[in-house]
Amino acid sequence: MSKLTTGSFSIEDLESVQITINNIVGAAKEAAEEKVKELGPMGPTPYPSIATLRDWSFTLFDRYEPVYTPMCDQCCYCTFGPCNLEGNKRGACGIDMKGQTAREFFLRCITGCACHSAHGRHLLDHIIELFGEDMPINMGASNVIAPNIQLVTGEQPKTLGDLKPIMEYVEEELGQLLATIHAGQEGAAIDYDNKSMLAGVLDHVGMEVSDIAQVTALGFPKSDPEAPLVEVGMGTIDKSKPTIIAIGHNVAGVTYIMDYMEEHGLTDKMEIGGLCCTAFDMTRYKREDRKAPYAKIVGTISKELKVVRSGIPDVIVLDEQCVRADLVAEGQKLKIPIIASNEKIMYGLPDRTNDDVDAIIEDLKTGKMPGCVMLDYDKLGELVPRLAMEMAPLREGISAIPTDEEMVALVSKCVECGECALACPEELAIPAAIAVAKGGDYSALEELHDLCIGCRRCEQVCNKEIPILSLIEKASLKAIAEEKGLVRAGRGQVSDPEIRAEGLNLVMGTTPGVIAIIGCSNYPAGSRDVYNIAEEFLNRNYLVAVSGCSAMDIGMYKDADGKTLYERFPGRFEKGNILNTGSCVSNSHISGTAHKVAAIFAGRNLSGNLAEIADYTLNRVGAVGLAWGAYSQKAAAIGTGCNMYGIPAVLGPHSGKYRRALIAKTYDDSKWKVYEGRNGSEMDIPPAPEFLITTAETWQEACVMMAKNCIRPSDNNMGRSIKLTHWIELSEKYLGVMPEDWWKFVRHEADLPLSKREALLKILEAEHGFEIDWKKKKIISGPKIKFDVSSQPTNLKRLCKEA
Amino acid sequence: MVDTTKNTKLFTSYGVKTSKAITTEVAAKLISKAKRPLLVVGTLALSPEVLDRAVKIAQAKNIPIAATGSSMHGFVGKDVNAKYINAHALGFYLTDPNWPGLDGNGNYDTIIILGFKKYYINQVLSAVKNFSDVKSISIGKDYIQNATMSFGNLSKEDHIAALDEIITLL
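For clarity, every value in this text was computed on a predicted model and none was experimentally measured.

Quick look at the overall build of chain A
- Across its full length, chain A holds 29 helices and 23 strands.
- Since a compact globule built from 803 residues should have a radius of gyration of about 28 Å, the 28 Å found for chain A is in line with a globular shape.
- Each principal axis of the C-alpha atoms in chain A carries an extent, and together these give about 90 × 80 × 60 Å.
- In chain A, which comprises 803 residues, the share counted as buried stands at 63%.
- Accessible surface for chain A amounts to roughly 29000 Å². Of this, 51% is attributable to carbon and sulfur atoms.

So this is what it looks like as structure tokens:
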């Protein structure tokens, strides 16, 4: 009898034959053995569900305690309520304020996870339909091609079809998690926090599926540090040409538009630009050959209304996520048709998927409808460029920007009642700026342009119905025209060879850290914040990884020689480089890089082994995330996933509204101990990272916090010395003082910054009781923390050899 | 006297419990009576006229300063006891009765708030409000709902005048 292995077989032409499958264990075992050979032994937690990783979450929460900052005293979730939970009271269902706040945060995490994963599901199904399940995954020069997937599920997908069961797993867990939001389910805050951590982990898996599918099939750059530079900014659009503006995150439909433009020789006859992450993926589409993209990145969600009001778009095409809910109303005023190309956003528009393109164009041109739904991508590809060409002459000169005369009349209407300032989420001094404008000086209004997130809450409360956003835009026309920068197109993953080359520097600390700047545009002091932060750390030889809207904004600013950071610094995974992984879903490559360091540099087993790898990252990889403008639920999920992976994150001040942080008590020595992996004994570590997720008030404070929290127990002397140098210098530069607790990080005189060694030894002796041998300039006693280059710091007792 | 109580208008609400609007006299009295006060100063206090008054308030009653964000720069070389701390961490530590404080002498009974964006300090104070007994008094220019007590919304000029009144009353 022939031996069956895994796979499929068919028996045709047999009748009245009973087939009994007795045992297929052998085949499964063989397949499992093959897998072990390739991926190493399976770790303890493949395909985790809610309870599987709870111990690891709780280990983290023991040091990094959940800090709840409720947005509201009330819970209005069920019909028992509303309940007043102020002062940690319990509601009618029994949940207390901490529980409710943890649930609210958790809800944000699963929403973010669902967004990325549903995006991934849509893309995956679409791409498999086009290219088939057997298409081999191609992420560039790597063997570890799906580090998040492998870490979480234990699988390493080889083909697009292999991604399907991964998506199914994420979807099932999301369903289980969502169920716990219901009233009368989970009651303990800390268990909602554990669920948030799982949601964050699943989010990175969903993102990774999404980007693997598109990088593989859509010709995106593949681990390419020299991916082409892309024009970015509102000023990059040639207004004389018919213009398509795409908004959202899912590039699937837009690729058809671009194909049509290419096939019909339209790429130089019209403009196609994007807002939010679809824009990034448009510039990655078919650009693995490094050819400069013709698609342009216009900007972030903050620019959506400003772009519409400018009248530049002749047609707007939407897909999903980060799309303003008022675009139909705003577009209609300016005769800009809105085409919804994804079921997730249909805006109440008529579904014309099954109609003839000519008929749809006619109805949109004549204003019979303000827009439509079009889910057939072949038709979408034809409809949008043709519509833009036909609308352009009809729309010539139409914009919401007031004329000079209208501007004078509008500012004179303002009575400075202050309602707009009260309503402004950025708390901008709008009345004062309008008051100055009454004298003909629009500079104060222009200053608001970059600070304004374009939400138009101000307009809705204005008793005089002044279109305040349009006033700001009018005052900023020159600045907007000059908004022209460059950003490197998303490169995708960090390759295995890059990890091999840089891993040692990272773990020893001689590369002072990885600063990962991600997220959206809800900045406290304008988009220049993220440029300032990136430049500060690049000049200090940190490795700066970026993605999404932050990557765009960083590219908007130039130095005195007119060069952006992407032109000044190369794009490798190496100290002093700035690498852009790509769009929102490419954030998975940033977390994946940490896993790869553990797997490739340290030889740790990745498969189904989350706690061990996260423990390695927490103790040895000096990486800190920064989501400075984080506004969305997706950012909450991304950051929380990073936390579970042992990567701390700093958020901008608006993100206190996420409601839950993870902050350690730096003053409680009992929290700053780990196990020595060689013998299971306890060892003291310095208080860093001192948080897993928290907020900073200003970008300057964030710089100091990030430098400090790149410190890890495993730093060697040179690494610690380099990290202390930067932390102390940044504290002196931005806070005006030495950090209070720098001395806690000193294990040996070689840890001290070289240029200040003697002065610091004096302080250690005078203020902190250290004993110094001044002849040799050596520390004799004092440090609580001992340094041993061979030590193996871990939070997991089970990893200790003699445990 | 500046009427610091008249305008407590809101755009959105943080729920059921909102702070009591207080006069400069009440604010000064509460600050004077506090057994262990802490002046929490945010980055917006770096404008010279506000910073100068923050220093004077601290000096008047020898109140230590928690300088959050980037405000520490403003207190260097001034004759005050100021230390940097992150505001979010401070909000958390204030809820811990075992926190040794910035000076090792224990937690505080009253915090006086100055120099913040509303959206940020309201979130920080929501932890203090719900999970501690620490009293918070906002003497910034905006009405801070999650403080125990707060000035109402003030113009810049009235705010400076109100701070001057507090300094005189201390």
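We are not done yet, so read on.
A look at the packing of aromatic side chains
- What the rule picks out here adds up to 13 aromatic pairs over all chains.
- Judged by centre distance (5.6 Å) and plane angle (45 degrees), the rings of A:Tyr531 and A:Tyr557 are tilted. Here A:Tyr557 lies in the loop between helix 22 (548-554) and helix 23 (565-568) and A:Tyr531 lies in helix 21 (residues 528-539), a separation of 26 residues in the sequence. Both residues of the pair, A:Tyr531 and A:Tyr557, belong to the buried class.
- Between B:Phe92 and B:Tyr93 the ring centres are 5.7 Å apart and the planes differ by 45 degrees, which places this aromatic pair in the tilted class.
- Residue classification places B:Phe92 among the buried positions, given a relative accessible area of 6%.
- In textbook terms, an aromatic cluster arises when at least three aromatic residues are bridged by ring pairs, as seen for A:Tyr667, B:Phe92, B:Tyr93, B:Trp99 and B:Tyr108.

Section: the interface of chain B and chain A
- With 43 residues of chain B in contact, the opposing surface of chain A contributes 50 residues.
- Summed over both sides, the interface between chain B and chain A buries roughly 3900 Å², with carbon and sulfur atoms accounting for 57% of that surface.
- Between B:Lys17 and A:Glu86 there is a salt bridge, with the nearest N and O atoms lying 3.5 Å from each other.
- Looking at the side of chain B that touches chain A, the elements that each hand over two or more residues are helix 3 (72-75), strand 4 (82-84), helix 4 (87-93) and helix 5 (118-131) of chain B.
- At nine residues, helix 5 of chain B tops the list of elements feeding residues into the side of chain B that touches chain A.
- Residue classes in the side of chain B that touches chain A are distributed as 19 nonpolar, 16 polar and eight charged.

Here's the deal with helix 6 (residues 189-217) of chain A
All names here are of chain A.
- For helix 6, built from 29 residues, the straight-helix expectation of 42 Å at 1.5 Å per residue is met to within 8% by its first-to-last C-alpha distance of 42 Å.
- The buried fraction of helix 6 is high, at 28 of 29 residues.
- Of the residues flanking the end of helix 6, it is Gly 219, one or two places downstream, whose phi is positive at about 70 degrees.

A look at the side chain of A:Ser547
All names here are of chain A.
- Its place among the elements puts Ser 547 in strand 13 (residues 543-547).
- Within polar-contact distance, the side chain of Ser 547 engages the side chain of Asn 587 at 2.5 Å.
- In this structure, Ser 547 is in contact with Ile 517, Ile 518, Gly 519, Asn 580, Thr 581, Gly 582, Ser 583, Asn 587 and Ile 590, ignoring residues within four places of it in sequence.

Comments concerning the packing of helix 1 (residues 24-33) of chain B against helix 6 (residues 156-169) of chain B
Residues and elements named next belong to chain B.
- At a minimum axis separation of 9 Å, helix 1 and helix 6 run at an interaxial angle of 45 degrees. Regarding the angle of helix 1 to helix 6, the classification is oblique. The two elements helix 1 and helix 6 cross, and the hand of that crossing is right-handed. On the side of helix 1, the interface is formed by Thr 24, Glu 25, Ala 27, Ala 28 and Ile 31, while helix 6 contributes Ala 162, Glu 165, Ile 166 and Leu 169.
- In terms of residue class, the contact of helix 1 with helix 6 is made up of six nonpolar, one polar and two charged.

Structural notes on the sheet that holds strand 3 (residues 65-67) of chain B
Residues and elements named next belong to chain B.
- If you trace the seven strands from one edge of the open sheet to the other, you get 1-7-6-5-2-3-4, paired in parallel fashion. Looking at which strands have only one partner, the edges of the open sheet turn out to be strand 1 (20-21) and strand 4.
- Bridge analysis of strand 3 against strand 4 gives three bridges, and the strand direction is parallel. What sits directly across from Ala 67, in strand 4, is Tyr 84.
- Against the sheet, helix 2 (residues 48-61) contacts strand 2 (37-41), strand 3 and strand 5 (110-114), and its axis sits at roughly 170 degrees relative to strand 2.

As for the sheet that holds strand 23 (residues 793-794) of chain A
Residues and elements named next belong to chain A.
- Across the sheet, which stays open at both edges, the three strands sit in the order 19-18-23 with antiparallel pairing between neighbours. If you trace the sheet from one side to the other, it starts and ends with strand 19 (682-684) and strand 23, each paired once.
- The sheet contact formed by strand 18 (residues 673-676) and strand 23 spans two bridges and is antiparallel. Across the sheet, the residue bridging to Glu 676 is Pro 793, located in strand 23.

Topic: the nonpolar core
- Judged by nonpolar contacts, the single largest core of 139 residues is most densely connected at A:Ile244, A:Ile272, A:Ile339 and A:Leu610.
- A:Met556, A:Leu752, B:Phe151 and B:Ile160 belong to the second-largest nonpolar core, a separate cluster that totals 127 residues.

Focus on the layout of surface pockets
- Its boundaries defined by the atoms lining it, the largest pocket holds a volume of some 1400 Å³.
- Considering the residues around the largest pocket, the lining is formed by 40 residues, among which A:Ala429, B:Lys141, B:Asp142, B:Leu154 and B:Lys156 are closest to the centre.
- Put simply, the parts of the chain that give the lining of the largest pocket at least two residues each are helix 14 (419-423) and helix 15 (430-437) of chain A together with helix 2, strand 5, helix 5 and helix 6 of chain B.
- A total of four residues in the lining of the largest pocket trace back to one element, the largest contributor, which is helix 6 of chain B.

Quick look at empty space enclosed by the protein
Residue and element names in this part refer to chain A.
- Counted by the stated rule, this structure contains nine cavities of 30 Å³ or more.
- In this structure, the largest cavity occupies an estimated 270 Å³ of space.
- In terms of lining residues, the largest cavity is bounded by 28 residues, among which Ala 516, Ile 590, Gly 625, Cys 642 and Ile 647 are the most central.
- Elements represented by at least two residues in the lining of the largest cavity include exactly strand 12 (514-518), strand 13, helix 24 (587-601), strand 15 (623-627), helix 26 (633-644) and strand 16 (649-651).

Topic: the side chain of A:His589
Residues and elements named next belong to chain A.
- Looking at the element boundaries, His 589 is found in helix 24.
- A relative accessible area of 3% means that His 589 is categorised as buried.
- If sequence neighbours within four positions are ignored, His 589 has contacts with Met 139, Asp 211, Gly 492, Gln 493 and Thr 581.

Some thoughts on the pattern of salt bridges
All names here are of chain A.
- Summed over the entire model, instances satisfying the criterion amount to 68 salt bridges over all chains.
- With its nearest N and O atoms 3.0 Å apart, the salt bridge here joins Arg 604 to Glu 612.
- One network of salt bridges, in which partners are shared, links Arg 309, Glu 330, Lys 333, Arg 456 and Glu 459.

A closer look at the state of the cysteines
Residues and elements named next belong to chain A.
- Under the criterion given, the structure shown has zero disulfides over all chains.
- With no disulfide of its own, Cys 322 lies 5.0 Å from the sulfur of Cys 276, the closest cysteine sulfur.
- Note on Cys 322: relative accessible area 12%, which makes it buried.
- Cys 452 carries a free sulfur, and the closest cysteine sulfur to it, the one in Cys 458, is 6.5 Å from it.

Side note on the packing of helix 24 of chain A against helix 25 (residues 610-620) of chain A
All names here are of chain A.
- Interaxial distance between helix 24 and helix 25 falls to 9 Å at its minimum, and their mutual angle equals 100 degrees. By the angle between their directions, the pair helix 24 and helix 25 is classed as roughly perpendicular. Contacts from Ala 594, His 595, Val 597, Ala 598 and Phe 601 in helix 24 reach Ile 613, Tyr 616 and Thr 617 in helix 25.
- Of the residues assigned to the contact of helix 24 with helix 25, the class counts are six nonpolar, two polar and no charged.

Some words on the environment of A:Val461
- Turning to its location among the elements, A:Val461 is positioned in helix 17 (residues 457-461).
- Counting along the chain gives 40 residues from A:Val461 to A:Ala421, while the straight-line C-alpha distance between them is 9.7 Å.
- Setting aside anything within four residues of it in sequence, one finds A:Val461 in contact with A:Glu419, A:Cys420, A:Ala423 and B:Phe11.

A few points about unusual backbone geometry
Residue and element names in this part refer to chain A.
- The residue after Gly 81, namely Pro 82, is reached through a cis peptide bond having omega 5 degrees.
- Assignment of secondary structure puts Pro 82 in the loop between strand 2 (74-75) and strand 3 (83-84).
- In this structure, Pro 689 follows Ala 688 across a cis peptide bond, with omega equal to -5 degrees.
- Here Pro 689 is to be found in the loop between strand 19 and strand 20 (691-695).
- Even without being a glycine, Lys 335 presents a positive backbone phi close to 55 degrees.
- Secondary-structure assignment places Lys 335 in the loop between helix 10 (327-333) and strand 9 (338-340).
- The phi dihedral of Glu 465 is positive, around 50 degrees, even though this residue is not glycine.

The rules we used
- Residues numbered from 1 in each chain as written.
- Chains lettered and ligands numbered in written order.
- Predicted model: local features only at pLDDT ≥ 70, side-chain atom pairs only at ≥ 80, totals over all residues.
- Heavy atoms only, no water.
- Helix = DSSP H or I, 4+ residues; strand = E, 2+ residues; numbered from the N terminus.
- Rg over C-alpha atoms; globule rule 2.2 N^0.38 Å.
- Buried < 20%, exposed > 50% of the residue type's maximum accessible area, 1.4 Å probe, protein only.
- Areas by Shrake-Rupley, 256 points an atom, 1.4 Å probe, with all protein chains shown as cover.
- Phe/Tyr/Trp six-rings, centres within 6.5 Å; stacked < 30°, edge-to-face > 60°.
- Contact = heavy atoms within 4.5 Å.
- Buried area = accessible area lost by both parts, 1.4 Å probe.
- Salt bridge = Lys/Arg side-chain N within 4 Å of Asp/Glu carboxyl O.
- Nonpolar A, V, L, I, M, F, W, Y, C, P; charged D, E, K, R; others polar.
- Expected span 1.5 Å × (residues − 1).
- Polar contact = N/O pair within 3.5 Å; in protein donor to acceptor, adjacent residues only side chain to side chain.
- Axes fitted to C-alpha atoms, helices over the stretch in contact; angles between N-to-C directions.
- Parallel < 35°, antiparallel > 145°, perpendicular 65-115°, else oblique.
- Left-handed = near helix turned anticlockwise from the far one by under 90°.
- Pairing = 2+ DSSP bridges.
- Core = buried A, V, L, I, M, F, W, Y, C linked by side-chain atoms within 4.5 Å.
- 1 Å grid on protein atoms, 1.4 Å probe; cavity = no way out; pocket = protein on both sides within 12 Å on 5 of 7 lines; lining within 4 Å.
- Points joined across faces, edges and corners; volume = space filled by probe spheres on them.
- Disulfide = S-S within 2.5 Å.

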